Amino acid sequence: MQTADAVVIGGGPNGLSAGIELARAGKSVILVERAPTIGGGARTAALTLPGFVHDVCSAVHPLAASSPFFQGLPLARHGLEWIEPRYALAHPFDDGSAAILERSLAATAARLGVDAGAYRSLIGPLADRWTALVGDVFAPLHWPAAFTATARFGWHALGSARSLAERRFSTGAARGLFAGLAAHAMLLLEQPLSAAAGLVLAAAAHAVGWPFARGGSQHIADALAAHFIELGGSIETGREIRSLNEVPAARAVLCDVTPRQLVRMAGDRLGRRFQRRLSGYRYGMGAFKIDWALSAPIPWTAAACGNAGTVHVGGTFDEIAASERAAFEGRATQRPFVLVAQPTTVDAGRAPAGRHVAWGYCHVPHGSAFDMTDRIEQQIERFAPGFGNLILARSVRGPAALERDNPNLIGGDINGGVLDLRQLFTRPTWRAYATPRRDLYLCSASTPPGGGVHGLCGFFAARAALARAY
């Protein structure tokens, strides 16, 4: 490898973003990725049958569309196009109805009946100030610029999803809708901070939507990579860095890896005390994911679900809460909460004519080896009778397979570690991106602001390195 001012290890959205920010500052940067292709959690591949294009991990991107860093990059010029389904989200119930989250706040609220006013008063102010709010909430600890909006968000976000839903909503539809949104956090719904994900995802739906990248999530990574190279960066794929001794001398090395991996890679470069801190970092629930090639659209009983990019399959608040509790406690639930994405509702090019792709995943115990295939498909069949008859092929990956494919997904944890109160401000330690060494930094989802395709972990890590190492 050639020498450079900086080396970035890992070619996911955060690694690419770190490389871009360093290159924009005039530094020569080499990015090294172990896989044959860049992308990390934003990759697309033919996982089932020829002609069917699947997102390997992330598929729906409200945080990417919200990212102030991405918004400042010429990604459209490099082929990235956002497309929105008619509805961001549908949440079906057993009586054939569904709660619908759409771009219009008023239309979403109107569907919630007696909870319309409560929904507007809770989510409306956050959606109205979304741009300012993102700048404060999705950043390291600091004094907020949009103090009033951020304080309002924090007042509700620091509590539990259950307490907020039961306090603000009176109908099963509104409570169920909020439960599904909050469950993205992979926390107990009775746990402090579990309300935050529900508020963020609802507000984002009204402010920027829940878009897909046309052609698949790989186009996000490819656009970032193209801009990085345009700025003078260099990318080397198919090379795994097992030890930092394999990295050429550089003023800064930024690692898009989790704390456990950094400890293994750094060897004796880190003091024992800091190594112990990193080794104590906590990882959360795992994911069990299935990709399907389908002969027709999913036959949802609630017709509106067919126009939604995402469908939350789990029923009532209590059912979803029970599913998350089972995963937290190490049990395989009989009725999992399943997050379904159906990109061919708006992106027909991802499958042969008349065919469709979809993926679904549920949360499972960390590192679980239990096969959830039947239980996931039974849950979808519950709200879409005949679904099983449409399956042409499937690709199944539990926590171990997810980690083999992407070593950052420790035990199947797709969030880069638990994001609870203990690890909110000390992620992974009070140093955030920095280590005791001025030349070594973390830039993965294990740093603020955490999981999701937004590039902000990499951006802020690069800013920290520029301020400290040069």
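Placed above this text is the structure.
Residues numbered from 1 in each chain as written. Predicted model: local features only at pLDDT ≥ 70, side-chain atom pairs only at ≥ 80, totals over all residues. Heavy atoms only, no water.

## A look at the pattern of salt bridges
Phase 1 of the analysis: Under the criterion given, the structure shown has 25 salt bridges.
Phase 2 of the analysis: A salt bridge links Glu319 to Arg335; the nearest nitrogen and oxygen atoms lie 3.2 Å apart. Taken together, the residues span a long stretch of sequence, with Glu319 in helix H14 (residues 317–329) and Arg335 in the loop between H14 and strand E13 (338–341) at a distance of 16 residues.
Phase 3 of the analysis: Linking Arg437 and Asp439 is a salt bridge whose minimum nitrogen-to-oxygen distance equals 3.0 Å.
Phase 4 of the analysis: Three or more residues joined by partner-sharing salt bridges are found here, namely Arg162, Glu166, Glu190, Asp318, Arg325, Glu329 and Arg331. (Salt bridge = Lys/Arg side-chain N within 4 Å of Asp/Glu carboxyl O. Helix = DSSP H or I, 4+ residues; strand = E, 2+ residues; numbered from the N terminus.)

## Observations concerning the nonpolar core
Phase 1 of the analysis: Within the largest apolar cluster, 101 residues are counted, with the highest numbers of intra-cluster contacts made by Phe70, Tyr119, Trp130, Phe178, Leu189, Leu199 and Leu254.
Phase 2 of the analysis: When residues in this core are grouped by element, the largest group, nine residues, is from helix H10 (residues 195–207).
Phase 3 of the analysis: Counting 27 residues, the second largest nonpolar core, distinct from the first, contains Leu294, Trp300, Ala302 and Ile380. (Core = buried A, V, L, I, M, F, W, Y, C linked by side-chain atoms within 4.5 Å. Buried < 20%, exposed > 50% of the residue type's maximum accessible area, 1.4 Å probe, protein only.)

## Quick notes on a positive patch on the surface
Phase 1 of the analysis: A grouping of Arg272, Arg273, Arg276 and Arg277 is seen on the molecular surface, where their side chains present a positively charged patch.
Phase 2 of the analysis: On the basis of relative accessibility, which here comes to 67%, the residue Arg273 falls in the exposed class. (Patch = residues over 30% accessible without salt bridge, like charges linked within 9 Å, V, L, I, M, F, W, Y side chains within 5 Å. Areas by Shrake-Rupley, 256 points an atom, 1.4 Å probe, with all protein chains shown as cover. Lys, Arg positive; Asp, Glu negative; His and termini not counted. Charge placed at Lys NZ, Arg CZ, Asp CG, Glu CD.)

## Let's talk about the side chain of Asp55
Phase 1 of the analysis: Turning to its location among the elements, Asp55 is positioned in strand E4 (residues 54–55).
Phase 2 of the analysis: Of the polar contacts made by the side chain of Asp55, one reaches the side chain of Arg350; its length is 2.8 Å.
Phase 3 of the analysis: Filtering out sequence-adjacent residues up to four positions away, Asp55 remains in contact with Arg43, Thr44, Gly216, Ser217, Lys289, Asp291, Arg350 and Trp359. (Polar contact = N/O pair within 3.5 Å; in protein donor to acceptor, adjacent residues only side chain to side chain. Contact = heavy atoms within 4.5 Å.)

## Focus: the sheet that holds strand E10 (residues 252–255)
Phase 1 of the analysis: Read from one edge of the open sheet, five strands run E9-E2-E1-E10-E16, paired in parallel fashion. The sheet terminates laterally at strand E9 (234–237) and strand E16 (440–442), the two strands that pair on one side only. Averaged over all pairs of adjacent strands, the angle between strand axes in this sheet comes to 20°, irrespective of strand direction.
Phase 2 of the analysis: Sheet analysis places strand E1 (residues 6–9) next to strand E2 (residues 29–33), joined by four bridges and oriented parallel. (Pairing = 2+ DSSP bridges. Axes fitted to C-alpha atoms, helices over the stretch in contact; angles between N-to-C directions.)

## Thoughts on the sheet that holds strand E12 (residues 308–313)
Phase 1 of the analysis: Overall, mixed pairing links the seven strands, which are arranged E7-E6-E12-E13-E14-E11-E15 in an open sheet. The open sheet terminates on both sides in strands that have one partner only, identified here as strand E7 (98–101) and strand E15 (391–397). When strand polarity is set aside, the average angle formed by the axes of neighbouring strands in this sheet is 20°.
Phase 2 of the analysis: Taken together, the four bridges between E12 and E13 define a ladder with antiparallel strand orientation. What sits directly across from Val313, in E13, is Val338.
Phase 3 of the analysis: In the packing of helix H9 (residues 172–182) onto the sheet, contacts are made with strand E6 (87–92), E7 and E12, and the angle to E6 comes to roughly 115°.
Phase 4 of the analysis: Against the sheet, helix H15 (residues 373–383) engages E6, strand E11 (286–294), E12, E13, strand E14 (356–364) and E15, with an angle of about 60° to E11.

## Things to note about the pairing of E14
Phase 1 of the analysis: Counted residue by residue, E14 has nine buried out of nine residues, so it is predominantly covered.
Phase 2 of the analysis: Both faces of E14 are covered, namely the face carrying His356, Ala358, Gly360, Cys362 and Val364 and the face carrying Val357, Trp359, Tyr361 and His363.
Phase 3 of the analysis: In this sheet, E14 lies alongside E11 in antiparallel orientation, the contact comprising nine bridges. Bridging across to E14, Ala287 finds its partner in His363.
Phase 4 of the analysis: Where E13 and E14 come together, four bridges link them in antiparallel fashion. Residue pairing across strands places Val340 opposite Gly360, the latter belonging to E14.

## As for the pairing of E7
Phase 1 of the analysis: For E6 and E7, the ladder comprises four bridges, and the chain directions are antiparallel. Of the residues in E7, the one forming a bridge with Pro92 is Ala98.
Phase 2 of the analysis: Hairpin connection between E6 and E7: a loop of five residues separates the two successive antiparallel strands, and Gly96 in this loop has a positive phi of roughly 90°.

## As for the side chain of Thr429
Phase 1 of the analysis: Inspection of the secondary structure assignment puts Thr429 in the loop between helix H16 (399–405) and E16.
Phase 2 of the analysis: With residues near it in sequence (within four places) discarded, Thr429 still touches Phe274, Arg277 and Leu278.

## Describing helix H8 (residues 161–168)
Phase 1 of the analysis: Listing the buried residues of H8 in full gives Ala161, Arg162, Leu164 and Ala165. The arc that holds every buried residue of H8, seen down its axis, measures 170°, which confines them to one face. (Arc of directions from axis to C-beta.)

## A look at helix H1 (residues 13–24)
Phase 1 of the analysis: Here H1 is 12 residues long and its end C-alpha atoms lie 16 Å apart, about the 16 Å a rise of 1.5 Å per residue gives.
Phase 2 of the analysis: Counting buried residues along H1, 11 of its 12 residues qualify, which places the element largely inside the surrounding structure.
Phase 3 of the analysis: Burial in H1 covers these residues: Pro13, Asn14, Gly15, Leu16, Ser17, Ala18, Gly19, Ile20, Glu21, Leu22 and Ala23.
Phase 4 of the analysis: Positive backbone phi, at 90°, marks Gly26, one or two positions downstream of H1. (Expected span 1.5 Å × (residues − 1).)

## Focus: the packing of helix H5 (residues 116–128) against H10
Phase 1 of the analysis: Running from amino to carboxyl end, H5 crosses H10 at an angle of 70°, the nearest separation of the two axes being 8 Å. By the angle between their axes, H5 is roughly perpendicular relative to H10. When you trace H5 past H10, the crossing you get is right-handed. Across the interface between the two elements, Tyr119, Leu122, Ile123, Leu126 and Ala127 of H5 pack against Leu199, Ala202, Ala203, His206 and Ala207 of H10.
Phase 2 of the analysis: A per-class count over the contact of H5 with H10 returns nine nonpolar, one polar and no charged. (Parallel < 35°, antiparallel > 145°, perpendicular 65-115°, else oblique. Left-handed = near helix turned anticlockwise from the far one by under 90°. Nonpolar A, V, L, I, M, F, W, Y, C, P; charged D, E, K, R; others polar.)

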